[in-house]
Amino acid sequence: MIGYFGPAGTFTHQALLTLTDAESTPLATVARVLDAVRAGEIESGLVPIENSVEGGVSATLDNLAAGTPLVIVAEVLLPVSFVLAVRPGTRAEDVKRILTHPHAYAQTRDWIDQNLPWATVTEGGSTAAAAAAVAEPDSTFDGAICARVAADLYGLDCLATDIADNPDAVTRFVLVRRPGELPAPTGADKTTLVAWMHTDHSGALLEILQQFAMRGVNLTRIESRPTKKAFGEYCFSIDAEGHIGEPRMRGTLKGLHRICRAVTFLGSYPRADKVRPKIARGFTDAEYAAAEGWIDDVLGRAPKER
Ligand SMILES: O=C(O)C(=O)C[C@]1(C(=O)O)C=C[C@@H](O)C=C1
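Residues numbered from 1 in each chain as written. Predicted model: local features only at pLDDT ≥ 70, side-chain atom pairs only at ≥ 80, totals over all residues. Heavy atoms only, no water.

**Some points on the UniProt feature "domain: Prephenate dehydratase" (unreviewed entry) in the protein**
Put simply, the rule is: UniProt positions are given in the numbering used here, feature names are shortened, and annotations may be inferred rather than shown by experiment. Note on conventions: DSSP H or I runs of at least 4 residues are helices, E runs of at least 2 residues are strands, and numbering of each starts at the N terminus.
With numbering matched to this structure, UniProt assigns "domain: Prephenate dehydratase" (unreviewed entry) to residues 1–178. Between the C-alpha atoms that bound residues 1–178 there is a distance of 13 Å. The span itself is 30% helix and 31% strand.

**What about the side chain of Lys190?**
The line we're drawing: For every residue, the accessible area obtained with a 1.4 Å probe (protein chains only) is divided by the maximum for its type, and the residue is called buried under 20%, exposed over 50%, and partly exposed between those limits. Think of a polar contact as two N or O atoms within 3.5 Å of one another; within protein, one of them needs to be a possible hydrogen donor and the other a possible acceptor, and neighboring residues in sequence only count if both atoms come from side chains. In this analysis, two residues are considered to be in contact whenever any of their non-hydrogen atoms come within 4.5 Å of each other.
Looking at the secondary structure, you find Lys190 in strand E12 (residues 189–196). Looking at Lys190, the relative accessible area reads 7%, which means it is buried. Here the side chain of Lys190 touches Glu75 through a polar contact of 3.0 Å, side chain to side chain. When neighbours within four sequence positions are excluded, Lys190 is seen to be in contact with Glu75, Arg172, Thr220, Asp239, Ala240, Gly242, Gly267, Ser268, Tyr269 and Arg271.

**Some points on the nonpolar core**
To be explicit about the condition: Definition of nonpolar core: a set of buried residues of the types Ala, Val, Leu, Ile, Met, Phe, Trp, Tyr and Cys, connected through side-chain atoms within 4.5 Å. Where each domain begins and ends follows an automated or database-derived domain assignment.
With 31 residues, the main nonpolar core has Phe82, Leu84, Ile98, Leu116 and Ile145 as its most contacted residues. Residue assignment for this core shows that the elements contributing at least two residues are strand E1 (2–5), helix H1 (11–19), strand E5 (71–79), strand E6 (83–86), helix H4 (102–106), helix H5 (109–115) and strand E11 (170–177). Top element by residues in this core is E5. It accounts for five residues. Taken domain by domain, this core gets at least three of its residues from each of domain 1 (1–80 + 164–180) and domain 2 (83–160). Sequence-distant contacts of Ile98, defined by excluding residues within four places in its chain, comprise Leu84, Ile112, Leu116, Ala119, Thr120, Val121, Thr122, Phe141, Gly143 and Ile145. Core analysis: the second largest hydrophobic core is formed by 21 residues, Val30, Ile49, Ile72 and Val174 among them.

**Some remarks on the packing of helix H2 (residues 30–38) against helix H3 (residues 58–66)**
We apply this condition: Orientation is described by lines fitted to C-alpha atoms, with helices fitted over the stretch in contact, and by angles between N-to-C directions that extend from 0 to 180 degrees. Angular relationships are summarised with four words: roughly parallel below 35 degrees, roughly antiparallel beyond 145, roughly perpendicular across 65 to 115, and oblique for the angles in between. Handedness of a helix crossing follows the sense of rotation of the near helix relative to the far helix, less than a right angle counterclockwise being left-handed and clockwise being right-handed. Under the grouping applied here, Gly and all other residues not named as nonpolar or charged are polar, the nonpolar ones being Ala, Val, Leu, Ile, Met, Phe, Trp, Tyr, Cys and Pro and the charged ones Asp, Glu, Lys and Arg.
At a closest axis distance of 9 Å, the pairing of H2 and H3 adopts a crossing angle of 30°. Considered as vectors, H2 and H3 are oriented roughly parallel to each other. At the point where H2 passes H3, the crossing takes the right-handed sense. Facing Val30, Ala31, Leu34 and Arg38 of H2, the residues of H3 in contact are Ala59, Thr60, Asn63 and Leu64. For the contact of H2 with H3, a count of residues per class yields five nonpolar, two polar and one charged.

**Here's the deal with the pattern of salt bridges**
Rules: Here a salt bridge means any side-chain nitrogen of Lys or Arg lying within 4 Å of a carboxyl oxygen belonging to Asp or Glu.
Using the criterion set out here, one finds 17 salt bridges in the structure. Arg91 serves as the salt-bridge partner of Asp94, at 3.2 Å between the closest nitrogen and oxygen. The partly exposed category is assigned to Asp94, whose relative accessible area is 25%. Arg91 gets classed as partly exposed once you look at its relative accessible area, which sits at 48%.

**Side note on the site of the ligand**
To be explicit about the condition: Summary of the distance rule: residues count as near a molecule or strand when at least one heavy atom falls within 4 Å of that molecule or strand. Areas reported here follow the Shrake-Rupley algorithm with a probe of radius 1.4 Å; residue values treat only the protein chains shown as occluding.
Lining the immediate environment of the ligand, one finds Phe5, Thr10, Phe11, Thr12, Pro48, Asn51, His101, His103, Gln107, Ser126, Thr127 and Thr171. Within the side chain of Thr127, an N or O atom sits 2.4 Å from an oxygen atom of the ligand. Bound to the protein, the ligand loses 100% of the 360 Å² it would expose on its own. When residues of the shell around the ligand are traced back to their parent elements, those giving at least two are H1 and strand E3 (44–51).

Set out below in structure tokens:
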């Protein structure tokens, strides 16, 4: 069973339908999805992790960083577009109170300011939960910012469509499981990790970045998140091109393990866009293998299984 950030009609639900038609169950928060996976109540869970306009989804990044480690086994990229959904008969001038997810508000703020300057916006739950709440006859909310499928599902009318401030917005979702067998390398993979650095000397972040740079490993996302343990203490949530099965990524992870207070490995998985990294001269698997073979020769030993 696959859990997803629900209820039915969220963008996460739509992302799941592009991935599989396996049996699924909605859960009300990102934390509930991830905890249900940890507890073994569901086999895997789909949650949003990053948006091209608003950046990282903190609820997901922080839970994955701090909780019992899970691993990402797949990612989905979904273009997101929003509608203003209302109970049938509601006119624009009647829309005084809007309910939506914080990321959806962040992506439609200008449109709301320009078109409904009198409206107040409450952030909470998911976009589909907002649509379901507005559909209640005695709802205190007049409108929801959600996906068109959510408006249809909960019997709402679309007062306006395509209201995103950035029409090209894309959200990235990740499918997580309990640690076990990892997806095999495809040549177009990503590895996600959290680096918890020592804070007792200067240049600690630079040392982390050097581990990637000196092995030709490109980053696709890096953001600092508070550790929530002490004021001013941060960890780094990182996505990098490559798979733990590849020697340059393994070397990077080993290097990070040596220099960091801790490293949380959150999976190596195929990239949704299938983009293959440009591997500079000196960093290919063959060149790593040749270098190992040369060391074996120098030491006069038989090549060992690698
Ligand atoms: O509320 C939803 O529908 C979600 O799936 C969450 C979420 C997000 O967390 O970014 C997903 C896509 C949109 O960017 C807005 C909200």
